[in-house]
Amino acid sequence: DKDYDVYTGYNNVPNVSDSEGVAVSALTNSSGYSVAVIIAVGDDASVTGGGGTSSDFIFVYSSADVSGDSYGNTYYTYDAFVNGDDTTIDSSYALAKGLYTDISYDDYGYIDEATKVADTTAFDGDDYIVQTWSGSARAITYSSGVITIGSKGVYPLADSCDIYVIDLVDEDYDSISASRLASKYSGELEAATVYGIYDDDGNVTTMYVVATTFVSD
């Protein structure tokens, strides 16, 4: 998937390793100094350190483990999804469970700022869609590459879409296909929030279904 991070200033440039075919291009001014540099890396690249703002979407689903590093920094480690991949993240401050974007990192590689996506009744923007309900279960259907939840939630899926049903109380999740989401959870979620992350074509590449209350609860 295409993605990018933005770093400002020489001291904030990250370390790049383990990548084949790195391509570097630069825009220079009349004095020959670079005013903008683009570094294109492969999917196997390791990019660490540096300050900057990332276009990543991060979903935090666990409580924090608090640690300290050799520089005297306290940091918080969470189980989280980063652009649909289950991993761990480190933050310089405590994060609540939920979805974040506009991520920035400090010089130690810890998250130092992030914008939490609001749990709204219905929001459909350029980068993501959010749907929240409570009080009555919604029907979930799947047909021809589209998931429909209730009367308003329509999610056109990318060819490769990761879907996770997340239980924030147990801090666990169910990785599931679109057809299985419909057959297993239709009419079963009395309260939930759904987040869909769009690709450049307006299709959902990652869906998080945060189950708050089941009908059987």
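Cut-offs used in this document
Throughout this document, residue positions are counted from 1 along each chain, in the order its sequence is written. Owing to the predicted nature of the model, reporting of local features is limited to residues with pLDDT of at least 70; listing and counting of side-chain atom pairs is limited to 80 or more, with chain, interface and lining totals taken over all residues. Heavy atoms from the whole structure form the basis of all side-chain values; hydrogens and water molecules are not counted. Burial here depends on accessible area, computed with a 1.4 Å probe over protein chains only, as a share of the maximum for the residue type. Under 20% is buried, over 50% is exposed, and the range in between is partly exposed. Each helix is a run of DSSP H or I of at least 4 residues and each strand a run of E of at least 2, with the numbering of both proceeding from the N terminus. Residues grouped as a nonpolar core are buried Ala, Val, Leu, Ile, Met, Phe, Trp, Tyr and Cys residues, joined through side-chain atoms within 4.5 Å. Any two residues having at least one pair of non-hydrogen atoms within 4.5 Å are treated as being in contact.

### Observations concerning unusual backbone geometry
Part 1 of the reasoning: You will see that Asn-83, though not glycine, has its phi angle at about 55 degrees, which is positive.
Part 2 of the reasoning: In this structure Asn-83 comes out as partly exposed when scored by relative accessible area, which is 33%.
Part 3 of the reasoning: The phi torsion at Ser-144 lies on the positive side, around 50 degrees, for a residue other than glycine.
Part 4 of the reasoning: If you trace the backbone, Ser-144 turns up in the loop between strand E15 (140-143) and strand E16 (146-149).
Part 5 of the reasoning: Judged by relative accessible area, Ser-144 falls into the exposed class, the value being 74%.

### Section: the nonpolar core
Here is a general trend for soluble globular proteins: nonpolar side chains tend to be buried in one another's company.
Part 1 of the reasoning: With 23 residues, the main nonpolar core has Ile-147, Tyr-155, Leu-157, Ile-163, Leu-181 and Met-207 as its most contacted residues.
Part 2 of the reasoning: Looking at this core, the elements that each hand over two or more residues are strand E14 (128-133), E16, strand E17 (153-167), helix H1 (178-185), strand E19 (189-198) and strand E20 (204-214).
Part 3 of the reasoning: Here this core takes 5 residues from E17, the largest share from any one element.
Part 4 of the reasoning: If near-sequence neighbours (up to four positions away) are discounted, Met-207 is found in contact with Ile-147, Tyr-155, Leu-157, Cys-161, Asp-162, Ile-163, Tyr-164, Leu-181, Val-194, Tyr-195 and Gly-196.

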